[in-house]
Amino acid sequence: MATTTRRGSPSTDHGEDSLTTRIGLAVLRIGVALLWIENAGWKKPPDFSALRSYTEDAVEHPVVPPFSWVVEHLVLPNFTFFAWATLLVEASVGAFLLIGLATRLWALIGLGQTLAITMSVMNAPNEWEWSYYLMILAHIAVFATAAGRSFGLDALMRPIWQASDSRLSRLLLRLS
Amino acid sequence: MTRHPLDRAAIALGAAGVVSLGFALTTSGNNNFVLVQGLGLLVFPVLGAGAVIGGAMGQRGIVLAAGAAYVASALIQLAQFGRSTNWIDGNGSTVALLLSLGIGLLVVGLAPRPAPPSADRQAPR
């Protein structure tokens, strides 16, 4: 990548991308973040009743039978734990994608969560399967373009991480 | 005066906190992106303004304080939403936005900055 940033001096890390491209990538990343943030809103403790209903769809309208088996025998009997985990993961995916920090990691986590949702509800009545395909594609786009480097904190932090010899910095470089 | 990029980021995050007050204007109970109401109407803009001031003055302490307060608010909201006691009056979306701004400000505030050039060093001719 043709950057000329000094070591340790935070600057942008967007190579030769045009401003239009960078704005487009930032809009994509923030849009995907808002998707997760808004949908963290209806997962309400302590009973998570709406989420339970969607989770049960995985058993009543199976998409991938082994996944339905896992939901029936592992997730539903321990529903409160998995519901909290879902809430925390989705809120975190939204939070980190919004500021563009460790974006590639969180895009992958978002992709994994999207696959779980897809395998739970895609065959339920009145679902439009392309909603889930589009979610998958959006996360692939955020990952592939490292969208946090466009107006995200990754753009500021990567030169700092590059200047550091710590293992955490090297890891964050790969995850951003 | 050229502002340090990390200070500019603090200003941008703080401004986002202030602007997030706009979510309160949405009327739908379903599609409102982020639920901002009750004490949230105070928490988002006041801490955001603190971050803007901290960034504008180059005061990392203020930026860190605002970030820590956002994270603390997120944890309080996480512990309370869905219960009868809900000080910030938000939900999971509120948690996510508070967390986002808090982590962002903490990262910006804690990031190492290159040392300023020494005063006794001669400028190259």
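Residues numbered from 1 in each chain as written. Chains lettered and ligands numbered in written order. Predicted model: local features only at pLDDT ≥ 70, side-chain atom pairs only at ≥ 80, totals over all residues. Heavy atoms only, no water.

1. Details of the side chain of A:Arg158
Note that A:Arg158 resides in helix H7 (residues 153–163). A polar contact of 2.8 Å, which involves the side chain of A:Arg158, links it to the side chain of A:Ser176. (Helix = DSSP H or I, 4+ residues; strand = E, 2+ residues; numbered from the N terminus. Polar contact = N/O pair within 3.5 Å; in protein donor to acceptor, adjacent residues only side chain to side chain.)

2. Description of the confidence of the model for chain B
Low pLDDT marks regions whose predicted coordinates should not be analysed in detail. For chain B, per-residue confidence averages 90 on the pLDDT scale, and residues scoring 70 or more make up 86% of the total. Every residue in residues 121–125 of chain B scores below 50 in pLDDT, and together they form zero contacts with partners more than four places removed in sequence or on other chains. (pLDDT = per-residue confidence, 0-100. Contact = heavy atoms within 4.5 Å.)

3. A word on the confidence of the model for chain A
In this model, chain A carries a mean pLDDT of 92, and residues with pLDDT of at least 70 account for 91%. A low-confidence stretch, residues 1–9 of chain A stays under pLDDT 50, and its non-local contacts, those more than four residues away or across chains, total 17 contacts.

4. Quick word on the interface of chain A and chain B
At the interface, 26 residues of chain A touch 28 residues of chain B. The contact between chain A and chain B buries some 2000 Å² in all, and 79% of this surface belongs to carbon and sulfur atoms. Inspection of the chain A/chain B interface yields three residue pairs in polar contact (both at pLDDT 80 or more). At the level of secondary structure, the elements contributing two or more residues to the side of chain A that touches chain B comprise helix H1 (19–39), helix H4 (79–99) and H7 of chain A. Of all the elements, H4(A) adds the most residues to the side of chain A that touches chain B, at nine residues. (Buried area = accessible area lost by both parts, 1.4 Å probe.)

5. Quick word on H4(A)
Under the 1.5 Å per step criterion, the end-to-end length of H4(A) is 30 Å for 21 residues, consistent within 8% with the ideal 30 Å. Backbone geometry just downstream of H4(A) places A:Gly100 in the positive-phi region, at approximately 70 degrees. (Expected span 1.5 Å × (residues − 1).)

6. Comments concerning the pattern of salt bridges
Throughout the structure, instances matching the rule amount to two salt bridges over all chains. For A:Glu90, the salt bridge identified is with A:Lys43, shortest N-O distance 2.8 Å. Of the two residues, A:Glu90 sits in helix H4 while A:Lys43 sits in the loop between H1 and helix H2 (49–60), which places them 47 residues apart along the sequence. Among the residues examined, A:Lys43 registers a relative accessible area of 3% and is labelled buried. Measuring nitrogen to oxygen at the nearest pair gives 3.0 Å for the salt bridge that ties B:Arg113 to B:Asp7. (Salt bridge = Lys/Arg side-chain N within 4 Å of Asp/Glu carboxyl O. Buried < 20%, exposed > 50% of the residue type's maximum accessible area, 1.4 Å probe, protein only.)

7. Re the packing of H4(A) against helix H4 (residues 92–110) of chain B
Across the interface, H4(A) lies against H4(B) with an axial gap of 8 Å and an inter-helix angle of 45 degrees. As summarised for this structure, H4(A) and H4(B) are arranged oblique, according to the angle between their axes. Two packed elements cross with a definite hand, and for H4(A) against H4(B) that hand is right-handed. On the side of H4(A), the interface is formed by A:Leu87, A:Ala91, A:Ser92, A:Ala95, A:Phe96, A:Leu98 and A:Ile99, while H4(B) contributes B:Gly92, B:Ala96, B:Leu97, B:Leu99, B:Ser100, B:Ile103 and B:Gly104. For the contact of H4(A) with H4(B), the per-class residue count stands at ten nonpolar, four polar and no charged. (Axes fitted to C-alpha atoms, helices over the stretch in contact; angles between N-to-C directions. Parallel < 35°, antiparallel > 145°, perpendicular 65-115°, else oblique. Left-handed = near helix turned anticlockwise from the far one by under 90°. Nonpolar A, V, L, I, M, F, W, Y, C, P; charged D, E, K, R; others polar.)

8. Observations regarding the nonpolar core
Within the largest apolar cluster, 69 residues are counted, with the highest numbers of intra-cluster contacts made by A:Leu97, A:Leu101, A:Met157 and B:Leu105. Those residues in contact with A:Leu101 that sit more than four places away from it in its chain are A:Phe96, A:Trp106, A:Leu153, A:Asp154, A:Met157, A:Trp161, B:Ile103 and B:Val107. (Core = buried A, V, L, I, M, F, W, Y, C linked by side-chain atoms within 4.5 Å.)

9. Examining a nonpolar patch on the surface
Residue and element names in this part refer to chain A. There is a patch of nonpolar side chains on the surface, built from Trp128, Trp130, Tyr133, Leu134, Leu137 and Ile140 and spanning about 610 Å² of accessible area. Its place among the elements puts Leu137 in helix H6 (residues 129–144). For Leu137, a relative accessible area of 46% puts it in the partly exposed group. (Patch = residues over 30% accessible without salt bridge, like charges linked within 9 Å, V, L, I, M, F, W, Y side chains within 5 Å. Areas by Shrake-Rupley, 256 points an atom, 1.4 Å probe, with all protein chains shown as cover.)

10. What to know about the packing of aromatic side chains
Tallied over the entire structure, the rule returns seven aromatic pairs over all chains. With a centroid separation of 5.5 Å and 80 degrees between ring planes, the pair formed by A:Phe48 and A:Trp84 is classed as edge-to-face. In this pair, A:Phe48 sits in the loop between H1 and H2 while A:Trp84 sits in helix H4, placing the two residues 36 residues apart along the sequence. A ring pair is formed by B:Phe44 and B:Tyr70, whose centres lie 6.3 Å apart and whose planes are at 45 degrees; its orientation type is tilted. Of the two residues, B:Phe44 sits in helix H2 (residues 40–57) while B:Tyr70 sits in helix H3 (residues 60–80), which places them 26 residues apart along the sequence. Under the relative-accessibility criterion, B:Tyr70 is labelled buried at 0%. (Phe/Tyr/Trp six-rings, centres within 6.5 Å; stacked < 30°, edge-to-face > 60°.)

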